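Coordinate inspection notes
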Amino acid sequence: MIEPTEMQPLAGRVALVTGGAQGIGAAVAARLAADGAHVFIGDIRAPAEGATASVGERPVFLPLDVTSEADWGAAMERVARDCGRLDILVNNAGIYGPASLQDETAAGFRRLFEINQFAIFWGMKSAVPLMTLGGSIINLSSIGGMVGYKGTFGYAGTKWAVRGLTRSAARELAPLKIRVNTVCPGVIDTPMFYENDPSLLNQFLETIPLGALGKPTDIASAVAFLASENACYITGSDILVDGGMLA
């Protein structure tokens, strides 16, 4: 393995970022590549041209439906064939779909579960056999997985579950030197934010002590920290990136 440097703390590492074709995932993939990692992007769509431009090596796209066991198997086979191991897994893929308890449907709730929660299980289960030198798994939760919000019943339920899966996995995988943590974004300037009722957008902004929406790069910075040796003694933790919303 190439020894990491101060300028490229992830040099020689191999990373897979799900949902990395756009938004937060694209920012994470670009940051990990800039920090020296060999990055694979797993997504159901290919990144737009230039979406993952970075200082480092351009990330490799892998077709990946995160709800598909077969797709996870194929993705891990490709990583193993190209690199022989995996050091960093970022389970970023997710959907929003705001709805109250009374308005949520069985189909809507099931889709949220499959993508936001079940896929985290498949991702971790699939990645562990390739993390032969230890590693870091970062699961994306949300501030909606830490406090109750009206109108996000199914989404919040899956994001709370992500934190539970993370903590259980952190204990189980510690003997293998695999750290497992969550990053919990607040209100981030991505298309997902604008799925909310337009009348609520200003209300959300008013609850942010720092006074502005977060950027995808803010989340990428937290992920890069957890992936690095600077976080070598951190596992089973939630990192809030919310501009002080839950302070």
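Residue numbers here run from 1 along each chain, matching the order of that chain's written sequence. Since the coordinates come from a predicted model, pLDDT governs what is reported: local features require at least 70, and pairs of side-chain atoms require 80 or more to be given and counted, while whole-chain, interface and lining totals use all residues. In computing side-chain values, all of the structure's heavy atoms are included and hydrogens and water are not.

As annotated in an unreviewed UniProt entry, the chain is 3alpha(Or 20beta)-hydroxysteroid dehydrogenase from Faunimonas pinastri. UniProt positions are given in the numbering used here, feature names are shortened, and annotations may be inferred rather than shown by experiment. If you open the UniProt record of the chain and go to Sequence similarities (unreviewed entry), you find "Belongs to the short-chain dehydrogenases/reductases (SDR) family."

Further remarks concern unusual backbone geometry. Even without being glycine, K177 reaches a positive phi, approximately 65°. Within the fold, K177 resides in the loop between α4 (153-173) and β6 (178-185). In this description a helix means any DSSP run of H or I spanning at least four residues, a strand means any run of E spanning at least two, and both kinds are numbered starting from the N terminus.

By the secondary structure assignment, G157 is in helix α4. Distance from G157 to L205, taken between C-alpha atoms, is 23 Å for residues 48 residues apart in sequence.

Attention now moves to the pairing of β6. A 1.4 Å probe rolled over the protein chains alone gives each residue an accessible area, and that area as a share of the maximum for its type sets the label: buried under 20%, exposed over 50%, partly exposed in between. Burial runs high along β6: eight of the eight residues are buried. The side-chain alternation of β6 yields two buried faces, one formed by I178, V180, T182 and C184 and the other by R179, N181, V183 and P185. Being paired, for any two strands, means DSSP has found at least two bridges between them. Pairing of β6 with strand β7 (residues 238-241) involves four bridges; the strand directions are parallel. Its bridge partner being in β7, V183 is matched across the sheet by I239.

Here we take up the side chain of N181. Looking at the element boundaries, N181 is found in strand β6. Between N or O atoms, a polar contact is any pair within 3.5 Å; within protein, one atom must be a potential hydrogen donor and the other a potential acceptor, and residues adjacent in sequence are included only when both atoms are from side chains. Only 2.9 Å separates the side chain of N181 from the backbone nitrogen of S237, close enough to count as a polar contact. Not counting the four nearest positions on each side in its chain, N181 is found in contact with I137, I138, N139, T166, L226, I234, T235, G236 and S237. Only heavy atoms matter for contacts: two residues are in contact if any of them lie within 4.5 Å across the pair.

Right, let's get into the pattern of salt bridges. Note on pairing: side chains with opposite charge can pair once their charged atoms come close. For salt bridges, the criterion is a side-chain nitrogen of Lys or Arg within 4 Å of an Asp or Glu carboxyl oxygen. On inspection of all chains with the given rule, the structure shows eight salt bridges. Across the pair E229 and R13 runs a salt bridge, and its minimum N-O distance is 3.5 Å. Taken together, the residues span a long stretch of sequence, with E229 in the loop between α6 (216-227) and β7 and R13 in the segment before β1 (14-18) at a distance of 216 residues. Given a relative accessible area of 10%, R13 falls into the buried group. For D238, the salt bridge is made with R163, and the minimal N-O distance between the two is 3.0 Å. You can see D238 sitting in strand β7 and its partner R163 sitting in helix α4, a full 75 residues away along the chain. Note on D238: relative accessible area 18%, which makes it buried. Shared partners join several salt bridges into a network, and the residues in it are R163, R167 and D238.

This part covers the nonpolar core. One broad rule of soluble globular proteins: the nonpolar side chains tend to lie buried together. Residues L16, W72, L86, L89, I137 and V180 are the most contacted members of the largest nonpolar core, which totals 34 residues. Of all the secondary structure elements, the ones that give two or more residues to this core are β1, β3 (60-63), α2 (69-83), α3 (106-127), α4 and β6. With seven residues, the single largest contributor to this core is α3. Apart from residues no more than four positions distant in its own chain, L89 is found in contact with L16, W72, G123, M124, A127, M131, S136, I137 and I138. By size, the runner-up hydrophobic cluster in this structure holds 27 residues, among which are V17, L32, L140 and V223. By convention a nonpolar core is built from buried Ala, Val, Leu, Ile, Met, Phe, Trp, Tyr and Cys residues, the set being connected through side-chain atoms within 4.5 Å.

What the seven strands build is an open sheet, ordered β3-β2-β1-β4-β5-β6-β7; its pairing is parallel. Only two strands of the sheet have a single partner each, and these edge strands are β3 and β7. Taken over all neighbouring pairs, the strand axes of this sheet differ in orientation by 20° on average, direction set aside. Bridge analysis of strand β2 (residues 38-43) against β3 gives four bridges, and the strand direction is parallel. Counted as the bridge partner of I41 is F61 from β3. Axis angles are defined between N-to-C directions and span 0 to 180 degrees, where every axis is a line fitted to C-alpha atoms and, for a helix, only to the segment in contact. Across the sheet, helix α1 (residues 23-34) lies against β1, β2 and β4 (88-91), angled at about 170° from β1, the strand it touches most. Packed on one face of the sheet, α4 meets β5 (135-140), β6 and β7 and runs near 160° to β6.

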